[in-house]
Protein chains: 2
Amino acid sequence: MAMRSHYCGLVTEALLGETVSLCGWVNRRRDHGGVIFVDVRDREGYVQVVCDPDRAETFKVAESLRNEFCVQIKGVVRARPEGTVNDNLKSGKIEVLCHELIVLNPSITPPFQIDEENLSETTRLTHRVLDLRRPYMQNNLMLRYKVSMEVRKFLDANGFVDVETPMLTKSTPEGARDYLVPSRVHDGQFFALPQSPQLFKQLLMVAGFDRYYQIVKCFRDEDLRADRQPEFTQIDIETSFLSEEEIRAMFQGMITTVFKNTINVDLGEFPVMTYQEAMHRYGSDKPDLRVKLEFTEVTDVMADVDFKVFSGAATMKNGRVVALRVPGGSSEVGGISRGEIDAYTEFVKIYGAKGLAYIRVNDLSKGRDGLQSPIVKNIHDKALQAVLERSGAQNGDLIFFGADKAKIVNDAIGALRIKIGHSEFGKKNGLFEKAWRPMWVVDFPMFEYDEEAERYTATHHPFTAPKDGHEDWMVTAPEKCISKGYDMVLNGWEMGGGSVRIHRADVQQKVFDALKITPEEAQLKFGFLLDALQYGAPPHGGLAFGLDRIVTLMTGAESIRDVIAFPKTQRAQCLLTQAPSPVDEKQLRELHIRLRNVDLAQKA
Amino acid sequence: MAMRSHYCGLVTEALLGETVSLCGWVNRRRDHGGVIFVDVRDREGYVQVVCDPDRAETFKVAESLRNEFCVQIKGVVRARPEGTVNDNLKSGKIEVLCHELIVLNPSITPPFQIDEENLSETTRLTHRVLDLRRPYMQNNLMLRYKVSMEVRKFLDANGFVDVETPMLTKSTPEGARDYLVPSRVHDGQFFALPQSPQLFKQLLMVAGFDRYYQIVKCFRDEDLRADRQPEFTQIDIETSFLSEEEIRAMFQGMITTVFKNTINVDLGEFPVMTYQEAMHRYGSDKPDLRVKLEFTEVTDVMADVDFKVFSGAATMKNGRVVALRVPGGSSEVGGISRGEIDAYTEFVKIYGAKGLAYIRVNDLSKGRDGLQSPIVKNIHDKALQAVLERSGAQNGDLIFFGADKAKIVNDAIGALRIKIGHSEFGKKNGLFEKAWRPMWVVDFPMFEYDEEAERYTATHHPFTAPKDGHEDWMVTAPEKCISKGYDMVLNGWEMGGGSVRIHRADVQQKVFDALKITPEEAQLKFGFLLDALQYGAPPHGGLAFGLDRIVTLMTGAESIRDVIAFPKTQRAQCLLTQAPSPVDEKQLRELHIRLRNVDLAQKA
């Protein structure tokens, strides 16, 4: 006979009167009125098991139960007595009268209770196996699975084929830092773990696979931020013979379907915004549209004001001056306090801003007297009027300013916009809409100028196609050149991004020229791609989504680590297995390497 | 308007009279009777496109076409003229009259024709992108995808959840050699790429995920044989609360479903054979049941024969003497020649055999005179009679012998059995059945004695559970101890294998004791598993299938490399990308390692 007939969490009143066999973990035992109640937990939920003293043997076993014992129960499903129904549980209308109780495996006392909250992350990651027993983590990972399965179903139905690309591949010292794997067979040589299967998926298009996907681990050896892991999972996609618009439409459809079928969310329309507009209005290429605040451009009117910070920024190369109007920010009740402004001033310094100018709009009818501000006296009427009119200022508003190199202004005031939107003040004053706000950002510039290196770099990557007609600008005017790149953004997170690729060898060569990559260098790093482009490569494009991010967004988890079964810490360690760890000298010798650190080498 | 309305290979008579838009590659161009015929190829097959001189512009483009040009065609589907129908093609009844022809991308002359056969593997792997355009490789990889998708569907329907386990994990110097990844953050420490997610999947069971699967890359840094790759793909599965028999039944169902739904093969019943019986009858734990030859055990009757090779083997520790009767092997017409016997004698030496004794059964009615053999005079009547009777010898048979340590006999005569079965002789004489012959091999011994190391090692791995009641033998009589391990075998290939695992810490400890793994060592290597077993670990078990092997079997490919898009050579190299390759000194410095080879180090 099977050990289990039903999952604990799925025993409902449909089974009334039936004998069931359940397996799971003791979540809690309560002795009440001479009877023992045991909440048994499995992947699907909880069930209440009742052991009464009439069955002496079973009762004796029940008395021995402790939390996290693994048990098997045979019993009969019956209705809970009136007044004890629990509507929060699927099994809340029933209980199981225990006829037979077997301890499959006892448990020592766990270091924490499974339903305990506010555990430190170190505790959780060290005892990850117990942490993973918590319904929160089980739900996160079950949802993650559902998402990936919905993605596969959608792609399968649309003719996409999962083709595996190598994990042991070639190091290309471009972009992020590679994880390296020393070769034993080839002395002094190394594989690299892939940062993405970008080149391979393009090769698959050239090979005629037409539509490719893979849900695949990628690797970056970077210093970790809250939303990064050394290994992360990408939904990697490429297709031939579709235009930029067709690609976007198809994958908007995919994400919409996935959200609908997993968490029953209708994402609605995805507005399409150019990169330029996004930077202009929000100072960000991944604007959080839930925040109802926008930049007001005032660079043009600040060139000749007395306030040097503004006039300097307005006249410098790549300078920018913007206003950020915060409706109600100067209300007498519930407005933004002086202390808060000071805190925001500190906050924007993280992004390189030197200060945070502001105007409190107390009473527009009083002209300059109705404005309270340390800077207003150094701003001439025309500029002041432009600020108020363009921003649509009202009595009670607070207007912040950013003035510096455009990049600093965008970063600092863009972050301030989010900060205020998400603050208690923002939420109370209708500056934040609790909703799902997806969008596309398109028309990225092909190149960014790296002032330090004094050269252009690729905004997406060097295989991104330019807009039709922009090909020659790659050489003559790189700064004007727009690419066929696109990002899908949701609530301020980049969920995915991609581009139409270059499919002609001559165009690819022009990009390398613009990036000052010599033909020799190009051949060495990407020779196999350049070679492949010569044999009738099809027009193609694609994108990659971050699975970890999508699931984090869906669950509202605080950290990406809450949607990964066995994540690394921010110091790139696995607290469960204690990886990385020292290895034998013999292993190093076989790989033709030695440790630089002499002390460590001697210990090995 | 979309670039493509249909796949080339799927245009059929159902579309007669319709205008279609096709994209693909020029497979061949023929100029015939003033008209140009172009076979255009895509993932789904071929279509014949006709360009006539009436459309001058299109005709001019058609004249410029060369093989492997990537083209777009608009045209009308019409019936092929009588007598030109090609029944081998889905599109063989129609052709497309071209109205518009665009060269999307020209091609230089490829290094080989796409339909060329007998290319060297080096050529194929160097120009892998073009090699992948061949319908043979496209079909192999499309089938591979279908197999993995069918696996996912089956597992999904049975409540299995795909949970990703880490690629950067801990080195455990046990089993095969690890691929190592130096840590940048932790000086002198290394991650290892997983040889399998074995420990993580067990942890997921302890965590209560109940049913887990993953189609996942695994890594072994071993010297490569024909059917091995440094990275290979495993269908990795684990379940809680199922017995050995239930697990086998479920995954027999999975493989049966997959074969049926992908290549329409009905695998039928899977016989279950113990390890002991398999070794006894076939000298192999993965017998190819298509071969109709079996061992005849004669160890017991050979102890006192004059032929020292036999008597020595029969009386030595772990010695074995077997006969392998080959029906018809001595037929005057079409039998096995003396030269072939000599070749087989050389063949068995590969497996350590010192020679290959044989008897030709010419005429049983003549007694000893009817037997032709260099050894028969040194074998007494009783033994000879046993050989003939037990093997069921008939006139015209050839009987081979193996006599040595059992391992050598099993390997050598087991290989000979396969060799003869697959030979022309075997196929002509009904010794080989062209069929799918799946089976289970069960009841593996828990331990094998490693004579060199003078200690027991685990036959499967140290987490395999012993049969109920065998627990104490692990310490008192390890050689008697049978495990709950099982392998699924198909046509002589191990497709997958697994076991019920140990779920109790005390039993796990006994295995470590039997393997002479000290508690300190166990704690260091597997501490996190031992720790987890203490918290109510559920009874669990699972298995892993080799996806590469399954698809190789299904396609009948000669090499596992023919079912992998971008494989490594047997020297663990990627000829396409030239990985592995040297890396910058800066990269090595960041990873706290240096090359041992001083000459190479200076170049870096």
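Residues numbered from 1 in each chain as written. Chains lettered and ligands numbered in written order. Predicted model: local features only at pLDDT ≥ 70, side-chain atom pairs only at ≥ 80, totals over all residues. Heavy atoms only, no water.

In the annotation of an unreviewed UniProt entry, the entry for chain A reads Aspartate--tRNA(Asp/Asn) ligase, and the organism field reads Rhodoferax aquaticus. The UniProt entry for chain A carries the following comment under Function (unreviewed entry): "Aspartyl-tRNA synthetase with relaxed tRNA specificity since it is able to aspartylate not only its cognate tRNA(Asp) but also tRNA(Asn). Reaction proceeds in two steps: L-aspartate is first activated by ATP to form Asp-AMP and then transferred to the acceptor end of tRNA(Asp/Asn)." Recorded in UniProt for chain A, the comment headed Subcellular location (unreviewed entry) runs: "Cytoplasm". (UniProt positions renumbered as here; feature names shortened; annotations may be inferred.)

Facing the 125 residues of chain A at the interface are 125 residues of chain B. At the boundary of chain A with chain B, total buried surface from both sides reaches about 11300 Å², with 59% on carbon and sulfur atoms. Summed over the three residues of chain A that lose the most area to chain B, namely Phe241, Tyr535 and Arg596 of chain A, the buried surface amounts to 8% of that side. Seen at the junction of chain A and chain B, the total is twelve salt bridges. Taking the shortest distance from any N to any O, the salt bridge between Arg144 of chain A and Glu164 of chain B comes out at 2.8 Å. Taken together, the connections running from chain A to chain B amount to 61 residue pairs in polar contact (both at pLDDT 80 or more). If one sorts the elements of the side of chain A that touches chain B by residue count, helix α4 (residues 135-157) of chain A sits on top with ten residues. Taken together, the residues of the side of chain A that touches chain B break down into 67 nonpolar, 26 polar and 32 charged. Sheet topology note: the strand β23 (residues 593-595) of chain A/strand β23 (residues 593-595) of chain B ladder contains three bridges and is antiparallel. In the strand pairing of β23 of chain B, Arg594 of chain A is matched with Arg594 of chain B. (Contact = heavy atoms within 4.5 Å. Buried area = accessible area lost by both parts, 1.4 Å probe. Salt bridge = Lys/Arg side-chain N within 4 Å of Asp/Glu carboxyl O. Polar contact = N/O pair within 3.5 Å; in protein donor to acceptor, adjacent residues only side chain to side chain. Helix = DSSP H or I, 4+ residues; strand = E, 2+ residues; numbered from the N terminus. Nonpolar A, V, L, I, M, F, W, Y, C, P; charged D, E, K, R; others polar. Pairing = 2+ DSSP bridges.)

The subject of this paragraph is the UniProt feature "binding site: ATP" (unreviewed entry) in chain A. All names here are of chain A. Within the UniProt annotation, "binding site: ATP" (unreviewed entry) is assigned to Arg220, Asp221, Glu222, Gln229, Glu494, Gly546, Leu547, Asp548 and Arg549. Tracing the chain through its elements places Asp221 in the loop between β9 (211-219) and β10 (231-240). Residue placement: Arg549 occurs in helix α16 (residues 547-555). With near-sequence residues (within four places) excluded, Arg549 lies in contact with Asp227, Arg228, Trp493, Glu494 and Ile560.

Side chains that differ in charge, positive against negative, can pair when their charged atoms come close. Considering all chains together, one arrives at 93 salt bridges over all chains under this definition. Residues Glu44 of chain B and Arg43 of chain B are paired through a salt bridge, measuring 3.0 Å at the closest nitrogen-oxygen approach. Arg43 of chain B gets classed as buried once you look at its relative accessible area, which sits at 10%. In this structure, the salt-bridge partner of Arg501 of chain B is Glu238 of chain B, at a minimum N-O distance of 2.7 Å. Of the two residues, Arg501 of chain B sits in the loop between β21 (493-500) and α14 (505-514) while Glu238 of chain B sits in strand β10 (residues 231-240), which places them 263 residues apart along the sequence. Across this residue pair, the class does not change: Arg501 of chain B and Glu238 of chain B are buried. The network of salt bridges with shared partners includes Arg124, Arg128, Asp131, Arg134 and Asp562 of chain A. (Buried < 20%, exposed > 50% of the residue type's maximum accessible area, 1.4 Å probe, protein only.)

As a further point, take the nonpolar core. Met254 and Phe545 of chain A together with Met254 and Phe545 of chain B are the most contacted members of the largest nonpolar core, which totals 188 residues. Look past the residues within four positions of Met254 of chain A in its chain and what remains in contact with it is Val151, Phe154, Leu155, Ile235, Ile237 and Phe545 of chain A. (Core = buried A, V, L, I, M, F, W, Y, C linked by side-chain atoms within 4.5 Å.)

Moving on, we get to the confidence of the model for chain A. Predicted confidence across chain A gives a mean pLDDT of 95, with 99% of residues reaching 70 or more. This complex was scored by the predictor with a pTM of 0.95 and an ipTM of 0.95. (pLDDT = per-residue confidence, 0-100.)

Time to look at the relation of the copies chain A and chain B. Mapping chain A onto chain B calls for a rotation angle of 180° and an axial translation of 0.0 Å; the resulting RMSD is 0.0 Å. Put plainly, the chains are arranged around a two-fold axis. Both copies contact each other with a shared surface, as 100% of the interface residues of chain A are interface residues in chain B too. (Least-squares fit on C-alpha atoms with pLDDT ≥ 70 in both.)

A few words on the packing of aromatic side chains. In the structure shown here, the tally under the stated rule is 30 aromatic pairs over all chains. The interplanar angle of 85° and the centroid separation of 6.0 Å between the aromatic rings of Trp440 of chain B and Tyr486 of chain B together place this pair among those described as edge-to-face. Separated by 46 residues along the polypeptide, Trp440 of chain B in strand β17 (residues 438-442) and Tyr486 of chain B in strand β20 (residues 485-490) bring together distant segments of the chain. Since its relative accessible area comes to 0%, Trp440 of chain B is described here as buried. Taken together, the ring pairs connect Phe307, Phe310 and Phe401 of chain A into an aromatic cluster. (Phe/Tyr/Trp six-rings, centres within 6.5 Å; stacked < 30°, edge-to-face > 60°.)

Pro580 of chain A follows Ala579 of chain A through a cis peptide bond whose omega is -5°. Within the secondary structure layout, Pro580 of chain A lies in the loop between α16 and α17 (585-590). Of note, the phi angle at Glu68 of chain B is positive, near 75°, even though the residue is not glycine. Position of Glu68 of chain B among the secondary structure elements: in the loop between α1 (56-64) and β4 (70-79). On the basis of relative accessible area, Glu68 of chain B is assigned to the buried category, the value being 2%. A positive phi angle is found at Ala572 of chain B, which is not glycine, with a value near 60°. Along the polypeptide, Ala572 of chain B turns up in the loop between α16 (547-555) and α17 (585-590).

All names here are of chain B. The five strands lie next to each other as β12-β13-β16-β14-β15, forming an open sheet whose pairing is antiparallel. What marks the edges here is a single partner per strand, and that holds for β12 (295-297) and β15 (371-372). As judged from the eight bridges shared by strand β13 (residues 319-326) and strand β16 (residues 398-405), these two strands associate in the antiparallel manner. Bridging across to β16, Val322 finds its partner in Gly402. Across the sheet, helix α7 (residues 275-282) is in contact with β12 and β13; its angle to β12 comes to roughly 100°. Each of β14 (357-361) and β16 is contacted by helix α9 (residues 338-349), which is oriented at about 155° to β14, the strand it contacts most. (Axes fitted to C-alpha atoms, helices over the stretch in contact; angles between N-to-C directions.)

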